[in-house]
Amino acid sequence: MVISALRDHVSMWPLSGSEIEVRSGGSGPRIVLLHGAYGWWGWEPVHQRLAERFTVVAPSHPGFGSSPRLPDVDTVDDLAYLYLDLIAARGILPARLVGFGFGGWLAAEIAVRCPHAVERLILVDSVGIKTSGREGRDIEDPFVLVGDEQQRLFWADPSRQSVPLPHPDMNEDLLEAMLSNQEAAMLYGWKPFFHNPKLKQRLHRITAPSLVVWGEEDRIVSPAYGKAFADSIPGARFVTIPGVGHYPHREGVEPFVQSVVDFLG
Amino acid sequence: MLAYHFTEMPYPYVPQEVEDRYGTARVLLPNSYYDPKLGADLYNRYLDDFIYADDLGLEIMLNEHHQTLTCTDVSIPISAAALARQTKRARICLLGTPLPHRDNPVRVAEEIAMLDCISRGRINCGFVRGVGSEVHPAGTNPVATRERFEEAHDLILKAWTTPEPFHWEGKHWQYRYVNVWPQPYQQPHPPIWITGTSAGNVPWVADRDYVFAVFLLAFDDASYLFDVYRQRTAELGMPTPGEDKFAVLCLCYTAETDEQAWDEGRQLMWYLQRKRHPALFNPPGFASVPANMAFLAGIDKPRGDTFESLREKGIIIAGSPTTVAKQIKQWHERGVGHLLMMNHAGPMGAEMTRKSMKLFAEEVYPEVREMAPISVERVAAGLPA
């Protein structure tokens, strides 16, 4: 994947007495992209492609990238209220929300809290709910794996792309961002492991037309989990993309963008 | 100086190839490799060795880890309880209770107070944050370990020093009635010991006048941290900390001759050769971002430590009684008053361990004791030693 410099398209927006890193660009209706547990890796090809049709707004959650951690913000519950404040303050209300992985969980939490604040909801290989019993493991744990073992979980074809895992040879800015991402991911997602046991029973509150997109070869959260997620959201459409893993927006940019365009019009 | 006998109570019977296959001695190595019958013998032998230390005039140190073959003492209140009754005189240094991983700090306050009463005031109370891999057995958020450590510490200290029920609504723990029965035998509470590996947290220890302990650090690295402690107390206008405030843990072996000690004592290297899984040992968020960046910058440097180089650095103390006394003197010159002796590791047998302990106690300890004459009675009374 060709990724432009880490700071391209970045601006800092004021938020809650502090600031938040936002990548933005393009023109047309605004869409808000909420990243997953490994953050944004720059102005990515998916941003660029979506920016041809939409105004892309891609914040880094507090603690991720160069967004500072905020005092007393340490749960997805906190993040959901923070983003409700942010989209109201920036006049992005109601919002078109696209959430990836951890960001999908966050988007769903925003939508159940304030259904009228969301105009369209797109969840992509999202975590956040519990579908199995107490001994079931819905969400694979990449954080206890190293190197290639971890890469194999994320990609249908790990030979083509890789997650920029912290490495001594890495550019210092990227290394610092990736280490911050890891810390923030643990802060919000450690326990219960990347889900809210109460979320599934609240998904019926969502009123926005919703699309659930899944990589057919996702080894972090299976397509069956994605189907269960979609089935819990009233009227949600569920589509899978063949030949891609946990990151349809990175491993299958074109079919992914097409599914977004088809849904949002 | 005071010398403490210590073993991690390892389970040394897992074949090397099994450990290699799982890439770790901890957390993911299946417990099917544990034989409780062998484990029973080990526990009783290790506890007997501690009682032997008491007989020899040595003090005792205990620690705990979880889900690992390197240490099967999974609850220091349990091992300390056995020893509180079965020993007569030794200080029992719990180093320490992994505060972030104990779900109920009030229970910790109760357990330590009970141990202190049973032992009639022989407890040193160590609190630790726990190594990274401990977040998995306990399920503790690695990002929250430091703040949980501090809140649990504050709560326990308040529980020991408040003569009536009180209310606590903290971030991690909430109680409407904290009113700990029993109270510690040593008043206002047992000596508190804290471990450390980096300078960042040393001022917190110095501010509270606690004993600061380092494990398996080279002379220079330990001295640097001790200096951070001393600088902090000087800045605050506190009394200059004495030798009773500094402790070091070393791998130790004494034999009749240097050659014999360096041959037999090599078995201690077992502890340093266990497989450490990088992701388990340093879970995301456990170390700060700057600490991780520094760690990654040095990760490719060869460690290459040998028995000999570790002796040079003071991490291993081994030799004839004369050589061992000389090495300990080097620690004393750096202000250390407590020597925590890891006299055993891995498959080292009881006979060999006890031979070394006895020789140390008889031939070396009298001289070491004189280097920094710390009074056990004054320690127990909470007075400067």
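Above this text is the structure in question.
Note that the structure is predicted; figures quoted are calculated from it, not measured. (Residues numbered from 1 in each chain as written. Chains lettered and ligands numbered in written order. Predicted model: local features only at pLDDT ≥ 70, side-chain atom pairs only at ≥ 80, totals over all residues. Heavy atoms only, no water.)

Q: Explain the overall build of chain B to me, using residue names and the numbers behind them.
A: A tally of regular secondary structure across chain B gives 15 helices and 11 strands. Computed over its C-alpha atoms, the radius of gyration of chain B comes to 20 Å, within 12% of the 21 Å expected for a compact globule of 385 residues. Along the longest, intermediate and shortest principal axes, the C-alpha atoms of chain B span 60 × 50 × 45 Å. Counting over 385 residues, chain B shows a buried share of 58%. Considering only residue pairs separated by 6 or more positions, chain B has 76% of its internal contacts joining residues 24 or more positions apart. Within the structure as shown, chain B displays about 16,400 Å² of accessible surface, and the carbon and sulfur contribution to it stands at 52%. Considering chain B, the positive charge centre built from 38 side chains and the negative charge centre built from 48 side chains are found 3 Å apart. (Helix = DSSP H or I, 4+ residues; strand = E, 2+ residues; numbered from the N terminus. Rg over C-alpha atoms; globule rule 2.2 N^0.38 Å. Buried < 20%, exposed > 50% of the residue type's maximum accessible area, 1.4 Å probe, protein only. Contact = heavy atoms within 4.5 Å. Areas by Shrake-Rupley, 256 points an atom, 1.4 Å probe, with all protein chains shown as cover. Lys, Arg positive; Asp, Glu negative; His and termini not counted. Charge placed at Lys NZ, Arg CZ, Asp CG, Glu CD.)

Q: Tell me what's going on with the pattern of salt bridges, and back it up with residues and numbers.
A: Any two side chains of opposite charge can pair, so long as their charged atoms come close to each other. Across all of its chains, the model carries 33 salt bridges over all chains by this definition. Put simply, A:Arg49 and A:Glu52 hold a salt bridge, and the shortest N to O gap is 2.6 Å. The shortest N-O distance in the salt bridge between B:Asp207 and B:Arg232 comes to 2.6 Å. Remark: B:Arg232 occurs in helix α8 (residues 219-235) and B:Asp207 occurs in helix α7 (residues 202-207); sequence separation between them is 25 residues. By relative accessible area, B:Asp207 is classed as partly exposed at 31%. (Salt bridge = Lys/Arg side-chain N within 4 Å of Asp/Glu carboxyl O.)

Q: With reference to specific residues and values, describe the packing of helix α2 (residues 36-56) of chain B against helix α3 (residues 76-86) of chain B.
A: Residues and elements named next belong to chain B. The geometry of α2 relative to α3 is characterised by a closest axis approach of 10 Å and an angle of 45° between their N-to-C directions. The angle between the axes of α2 and α3 places the two elements in the oblique class. When the axes of α2 and α3 are compared, the crossing they make is right-handed. Residues Leu47, Phe50 and Ile51 of α2 form the contact with α3, whose participating residues are Ser79, Ala82, Leu83 and Gln86. Counted by class, the contact of α2 with α3 contains 5 nonpolar, 2 polar and no charged residues. (Axes fitted to C-alpha atoms, helices over the stretch in contact; angles between N-to-C directions. Parallel < 35°, antiparallel > 145°, perpendicular 65-115°, else oblique. Left-handed = near helix turned anticlockwise from the far one by under 90°. Nonpolar A, V, L, I, M, F, W, Y, C, P; charged D, E, K, R; others polar.)

Q: Can you tell me about helix α5 (residues 172-189) of chain A, naming the residues and giving the values?
A: The periodicity of an α-helix, 3.6 residues per turn, causes residues three or four places apart in sequence to face the same way. Residue and element names in this part refer to chain A. Helix length check: α5, at 18 residues, gives a terminal C-alpha distance of 25 Å against a target of 26 Å (1.5 Å per residue), a fit within 8%. Counting buried residues along α5, 15 of its 18 residues qualify, which places the element largely inside the surrounding structure. With a side-chain oxygen lying 2.8 Å from the backbone nitrogen of Asp173, the N-terminal cap of α5 falls on Asn171. (Expected span 1.5 Å × (residues − 1). Polar contact = N/O pair within 3.5 Å; in protein donor to acceptor, adjacent residues only side chain to side chain.)

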